[in-house]
Amino acid sequence: MTLLSSPSIRRVQRVRHDLRIRRLAVSRVQRISPGFAAVCFAGAELADFTSLSFDDHVKLMLPSAAGEPLRRDFTPRRFDAARQELTVEFALHGHGAAGAWATDAAPGQSVTIGGPRGSMVIAADHEWHLLAGDASALPAIHRRLEELGSGQRALVLVELADPADERRFDTAAQLELQWVRNAQQWLAALRELELPRTEGFVWCAGEARTMATARALLRSHHGHPPEAMRVSAYWKSGAPAFHEVLSEPAQQP
Ligand SMILES: Cc1cc2nc3c(=O)[nH]c(=O)nc-3n(C[C@H](O)[C@H](O)[C@H](O)COP(=O)(O)OP(=O)(O)OC[C@H]3O[C@@H](n4cnc5c(N)ncnc54)[C@H](O)[C@@H]3O)c2cc1C
């Protein structure tokens, strides 16, 4: 069976969007928990904003002393078309420019965002979904859980150092949830998971080396088909502005 004829890859639809750069203003900031801030951006330029997938990202462009803006990727956590308001949730990891910006963000500040340039739309009607990752992946996981319907089964595995950052999910899906405290525990829990024998889709995101190990585990230990998983590196330990995607079945747009 070739990749293109596999049912799972046909059920991941790649959609391209015209690249739009938008000037917006911070409208609200909420500290969700000690390690997370939700920042809302508003502005008329959001009128035609589209985000088709929880896997999407926008590029946040921040002013820097060097002149060239700093560019960092974030998940569109929620878009309220009626209010023309986009929410992004930042993991306040304490080491980088974007995290520091979000810690001090205040209403009225102007920001520039680009994208999403494209969406990988993963069908919602797989028999089960594994959604797994660290704090950087939690906004996407939360969005996906809100999108899944009743009768769908979601296995969720999240690494968060601080238990105070754990949250309740508003989801109609049948949720099987595990929180762990560090990457080693996360990988051990991933290995020990009993993935259902039926057809399902695996989505993982987080630190680059952890994701590389996760991908190998999913393929060799669990025998999960590569065309039914998307494993992305959202950041890399020790590497500012890192951007790389380990993904299957298709490249990130
Ligand atoms: C498609 C995509 C979607 C993403 N969505 C989100 C999102 O919704 N929310 C979110 O918080 N992040 C998200 N990320 C991750 C985010 O882009 C990175 O964490 C980014 O590096 C943060 O920029 P920074 O300026 O804070 O840190 P950088 O300047 O890039 O890095 C500075 C230092 O901090 C470390 N670092 C970076 N990120 C983390 C982290 N998460 N935890 C611990 N240490 C870190 C780096 O290793 C480096 O040593 C996403 C990434 C991608 C690719």
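What you see as residue numbers is a count from 1 along each chain, following the sequence as written. Local features in a predicted model are, by the rule used here, given only for residues with pLDDT of at least 70; side-chain atom pairs are given and counted only at 80 or more, and totals for whole chains, interfaces and linings are based on all residues.

1. Structural notes on the overall build of the protein chain
- Across its full length, the protein chain holds five helices and 14 strands.
- What the globule rule says is 2.2 Å times the number of residues to the power 0.38, and the radius of gyration is computed from C-alpha atoms. Relative to a compact globule of 253 residues, whose C-alpha radius of gyration would be 18 Å, the protein chain shows 18 Å and is just as compact.
- The C-alpha extent of the protein chain, read off along each of the three principal axes, is 50 × 35 × 35 Å.
- Here the protein chain holds 253 residues, and the buried ones make up 37% of them.
- Placing C-beta atoms from the backbone, we regard two residues as in contact once those atoms come within 7 Å. In the protein chain, the proportion of contacts linking residues at least 24 apart, taken out of those at least 6 apart, comes to 66%. Counting from the N terminus, the helices are DSSP H or I runs at least four residues long and the strands are E runs at least two residues long. For the exposure call, what matters is how many other C-beta atoms sit within 10 Å of a residue's own: 20 or more marks it buried, 12 or fewer exposed, and in between partly exposed, using C-beta atoms placed from the backbone.

2. Brief notes about the domain arrangement of the protein chain
- Domain start and end points were adopted from an automatic or database domain assignment. Parsing the protein chain into structural domains produces domain 1 (3-13 + 119-235) and domain 2 (15-118).
- With centres defined by C-alpha atoms, the gap from domain 1 to domain 2 works out at 23 Å.
- Across the contact, 18 residues belong to domain 1 and 19 residues belong to domain 2.
- Among the elements of the structure, strand E9 (118-122) and helix H3 (138-147) are those that each provide at least two residues to the side of domain 1 that touches domain 2.
- Take the side of domain 1 that touches domain 2: its biggest share by element is five residues, from H3.
- In this count, Pro and Cys sit with the nonpolar residues alongside Ala, Val, Leu, Ile, Met, Phe, Trp and Tyr, while Asp, Glu, Lys and Arg are called charged and the others, Gly among them, polar. Considered class by class, the residues forming the side of domain 1 that touches domain 2 number eight nonpolar, three polar and seven charged.

3. Topic: the site of the ligand
- To decide nearness, the C-beta atom of each residue is placed from the backbone, and the residue is near a molecule or strand if that atom lies within 6 Å of it. Around the ligand there are 25 residues in total, and Thr75, His93, His95, Gly96 and Ala98 lie nearest to it.
- Residue assignment for the shell around the ligand shows that the elements contributing at least two residues are strand E5 (70-74), strand E7 (85-91), helix H2 (97-104) and strand E14 (229-235).
- Considered class by class, the residues forming the shell around the ligand number 12 nonpolar, nine polar and four charged.
- When residues of the shell around the ligand are assigned to domains, at least three map to each of domain 1 (3-13 + 119-235) and domain 2 (15-118).

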